[in-house]
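# Structural description and commentary
Listed here are the chains, written in short residue letters.
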Amino acid sequence: MNYNVRGENIEVTPAIREYVEKKIGKLERYFNNTPDANVLVNLKVNNNTSKVEVTIPMQNLVLRAEEENADMYAAIDLINDKLERQIRKHKTKVNRKFRNNLSTTPDAFAFNTEADEVVDEFEDDTDIEVVRNKRFDLKPMDSEEAILQMNMLGHSFFVYTNADTNTTNVVYRRKDGRYGLIEPS
């Protein structure tokens with residue numbers, strides 16, 4: 001894997017670069033062949049918090065995680081844990097799919113079978129289960145009214161019918177505190 005470590009408001013020292021490469025490099029054990037991927041690592045420091053973003057684009061799969069912490073090294077450790085969970089989850093999904101089809105795993109997902117013991121421990125956690133089903137009528141309204149309704153209910157998103165286009169839209173609260181709108185194309 002090729003590493004592109006960038007720093008915003010921080011100088012990327014050789015020690016930080018080495019730590020990132022060491023931690024992210026541990027993910028290679030989950031693959032038969034080292035993925036030919038360009039690992040993009042963004043390190044940001046604002047006030048007293050460090051934000052780490054890691055993106056690993058691979059063929060048919062993009063691993064991405066971000067984490068904020070007061071300690072840069074702790075954030076890198078947490079990122080590594082998140083990426084490992086993503087790989088385990090994806091590996092389990094791929095293995096199930098190909099086990100059911102009695103087919104071989106494609107080269108794009110050539111996961112290391114020696115790491116199966118670790119994945120099997122978490123296999124039960126990756127089952128998707130709907131725990132609640134809710135139905136409601138969509139009232140025609142504009143996005144401003146939908147945001148007011150969302151805030152009044154204390155939710156992080158709100159589904160409604162757009163009064164102008166008569167399509168189903170979703171407004172949501174972003175991490176930065178502003179609002180987003182999802183519309184069908």
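Quick note: structure is the one above.
A few points on the structure. Because the structure is a prediction, the values reported are computed rather than measured.

## Side note on the sheet that holds strand S6 (residues 157–162)
- The strand order across the open sheet built from four strands is S5-S6-S7-S8, with neighbouring strands paired in mixed fashion. Of all the strands in the sheet, just strand S5 (140–141) and strand S8 (179–182) have a single pairing partner and so form its edges.
- Bridge count for strand S7 (residues 168–173) against S8 is four bridges, and the pairing is antiparallel. Bridge pairing in S8 links Tyr172 to Gly180.

## Some words on the nonpolar core
- Of all hydrophobic cores here, the largest spans 26 residues; its most connected members are Ile24, Val41, Val52, Val54, Ile56 and Leu83.
- Among the elements of the structure, helix H1 (14–25), strand S2 (38–46), strand S3 (49–58), strand S4 (61–69) and helix H2 (72–101) are those that each provide at least two residues to this core.
- Discounting residues that sit within four places of it in the chain, Leu83 has contacts with Ile24, Leu27, Val54, Ile56, Leu63, Arg64 and Ala65.
- Of all hydrophobic cores here, the second largest spans seven residues; its members include Met141, Ala146, Tyr160 and Val171.

## A short note on the environment of His155
- Tracing the backbone shows His155 in the loop between helix H4 (143–153) and S6.
- Given a relative accessible area of 36%, His155 falls into the partly exposed group.
- Between the C-alpha atoms of His155 and Tyr172, which are 17 residues apart in sequence, the distance is 8.5 Å.
- Excluding residues that lie within four positions of it along the chain, His155 makes contacts with Met150 and Arg173.

## Quick notes on the pattern of salt bridges
- Overall, the coordinates contain 14 salt bridges when judged by the stated rule.
- Lys23 is the salt-bridge partner of Asp77, the closest N and O atoms lying 3.5 Å from each other. Remark: Lys23 occurs in helix H1 and Asp77 occurs in helix H2; sequence separation between them is 54 residues.
- Judged by its relative accessible area of 26%, Asp77 is partly exposed.
- Residues Arg64 and Glu66 are paired through a salt bridge, measuring 3.1 Å at the closest nitrogen-oxygen approach.

Here is what the cut-offs are and how they apply
- Residues numbered from 1 in each chain as written.
- Predicted model: local features only at pLDDT ≥ 70, side-chain atom pairs only at ≥ 80, totals over all residues.
- Heavy atoms only, no water.
- Pairing = 2+ DSSP bridges.
- Helix = DSSP H or I, 4+ residues; strand = E, 2+ residues; numbered from the N terminus.
- Core = buried A, V, L, I, M, F, W, Y, C linked by side-chain atoms within 4.5 Å.
- Buried < 20%, exposed > 50% of the residue type's maximum accessible area, 1.4 Å probe, protein only.
- Contact = heavy atoms within 4.5 Å.
- Salt bridge = Lys/Arg side-chain N within 4 Å of Asp/Glu carboxyl O.

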